[in-house]
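# Overview (structure and organization)
Here is how the chains run, residue by residue.
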Amino acid sequence: MLITAPPIRSRVGSLLENDTDYYKEQWGFGTWSVEIKQPQLQISREYTPLPPNAGSPEKLRLYIRKEKGGEMSNYLWGLKEKGKLGLRGPKLGFELKEGITDVVFLAGGTGIAPALQVAYTLLERRKYEMDQSRPKIRILWANREREELHDENHTGISTTSNISHKIQNPVVKIITELQQKHPGCLKVMYLVDEEGTMINQKLISSAMKRDEKTIQRDTNTSMYSKLLFVSGPEGFVNHFAGPKKWQGGGEQQGGVGGILGNMGITGWKVWKL
Ligand SMILES: Cc1cc2nc3c(=O)[nH]c(=O)nc-3n(C[C@H](O)[C@H](O)[C@H](O)COP(=O)(O)OP(=O)(O)OC[C@H]3O[C@@H](n4cnc5c(N)ncnc54)[C@H](O)[C@@H]3O)c2cc1C
């Protein structure tokens, strides 16, 4: 489900009439989230804004999965139009530094939201001297059911190039728009558990493969130039990159385990979301 909410107003300031690029700082930064508070039960959960609609960049758009038995997600799914909820934040996540050449995203379900934030920030909000300097972004997006993609017209592994325009999924729409604006920069592979198509070592290696152009511009690499994100439910992250660790009262990244650990990846910064 997609929720649209008006901008979060700061406690002291209010939205300037012409300042519609309200989340400019966050979109320039990298990944970020907001906290939603349920007004009656005093519970709150974090959600990841999708890239904004060009016509109304001040509005927050959230992609929310209905969790069986989940308090907040069921509350949100039950909200009527113009229903009220509390919003806190924004809260900054992973900072996208300058000089990024390659990004691979392993995304499970709503874990696609930060992948789109990264793609949008790098392709739409950053300036590049040459078109070739634009980073290459590859997303492997796994869903449990095809229904989550709202795409009845094809089966199996696919890229957006052969997805029918009948698709209603707003996430697929955002992906298609970014691909049309930045040809060759963003590739997405859709995988569906119930159809037996899954992210595996071969697909990950292929997504990480670099073309000639990338190798040539790769002379001034930093440890942040090639990023491999794993984003999704806890089980998904654990399977591909090993568990995060609790340390010093907070959640830390922990070592790289799981499939990526077995692959012995070097030269890429792995980040669990
Ligand atoms: C930074 C960040 C960004 C996020 N972005 C998004 C996003 O963009 N979209 C999105 O959909 N989600 C996102 N999430 C996840 C989101 O914050 C919530 O965790 C999610 O919506 C579930 O919340 P809930 O209140 O519905 O479920 P909860 O009530 O917290 O329950 C979670 C699960 O545990 C089960 N459960 C609950 N209580 C019990 C129990 N006693 N015994 C056994 N099982 C139990 C529930 O059935 C459910 O499946 C994000 C999380 C983080 C940390």
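Every value quoted in this text rests on a predicted model; they were computed, and no experiment measured them. (Residues numbered from 1 in each chain as written. Predicted model: local features only at pLDDT ≥ 70, side-chain atom pairs only at ≥ 80, totals over all residues.)

## Focus on the overall build of the protein chain
Counting secondary structure elements, the protein chain contains eight helices and 13 strands. Burial statistics for the protein chain: of 273 residues in total, 30% are counted as buried. Expressed as a percentage of contacts within the protein chain between residues at least 6 apart in sequence, the contacts between residues at least 24 apart total 70%. (Helix = DSSP H or I, 4+ residues; strand = E, 2+ residues; numbered from the N terminus. Buried ≥ 20, exposed ≤ 12 C-beta atoms within 10 Å, placed from the backbone. Contact = placed C-beta atoms within 7 Å.)

## As for the pairing of strand β6 (residues 102-108)
Across the seven residues that make up β6, a large majority, seven, are buried. The alternating pattern of β6 places Asp102, Val104, Leu106 and Gly108 on one face and Val103, Phe105 and Ala107 on the opposite face, and all of these are buried. Relative to strand β7 (residues 136-143), β6 runs parallel, the two being bridged by seven bridges. Directly across from valine 103, in β7, lies its bridge partner isoleucine 137. For the handedness criterion, the β-α-β arrangement of β6, helix α3 (residues 112-125) and β7 is classed as right-handed. Of the pairings in the sheet, the one linking β6 to strand β10 (residues 226-231) comprises six bridges and is parallel in character. (Pairing = 2+ DSSP bridges. Right-handed = clockwise from strand over helix to strand, strands pointing away.)

## Notes on α3
Given a rise of 1.5 Å per residue, 14 residues ought to cover 20 Å, and the 19 Å separating the end C-alpha atoms of α3 matches this to within 8%. For α3, the buried fraction is high: 10 of the 14 residues fall into the buried class. Where α3 is concerned, the buried positions are Ile112, Ala113, Pro114, Ala115, Leu116, Gln117, Val118, Ala119, Thr121 and Leu122. (Expected span 1.5 Å × (residues − 1).)

## Looking at the site of the ligand
Near the ligand lie 18 residues; those nearest to it are Arg45, Gly69, Gly70, Met72 and Ser73. Of all the elements in the fold, those that place two or more residues in the shell around the ligand are β3 (44-47), β4 (60-63) and α2 (71-77). Considering only residue class, the shell around the ligand consists of six nonpolar, six polar and six charged. (Near = placed C-beta within 6 Å. Nonpolar A, V, L, I, M, F, W, Y, C, P; charged D, E, K, R; others polar.)

## Some points on the UniProt feature "binding site: FAD" (unreviewed entry) in the protein chain
On the UniProt side, "binding site: FAD" (unreviewed entry) is annotated at positions that read Arg45, Tyr47, Met72 and Ser73 here. For this annotated set, covering 29 residues, all C-alpha atoms fall within 10.7 Å of each other, a compact arrangement in space. Position of arginine 45 relative to the elements: it lies in strand β3. Among the secondary structure elements, methionine 72 is positioned in helix α2. You can call methionine 72 partly exposed: it has 19 C-beta atoms within 10 Å. Here methionine 72 is in contact with Ile36, Gln38, Ile43 and Arg45, once residues within four sequence places are set aside. (UniProt positions renumbered as here; feature names shortened; annotations may be inferred.)

## Description of the domain arrangement of the protein chain
Segmentation of the protein chain into domains returns domain 1 (2-94) and domain 2 (97-272). If you look at the interface, domain 1 gives 12 residues, while domain 2 gives 14 residues. Secondary-structure elements contributing two or more residues to the side of domain 1 that touches domain 2 are α1 (24-29) and β2 (30-37). In terms of residue count, the dominant contributor to the side of domain 1 that touches domain 2 is β2 (three residues). In terms of residue class, the side of domain 1 that touches domain 2 is built from seven nonpolar, four polar and one charged. (Domains from an automatic or database assignment.)

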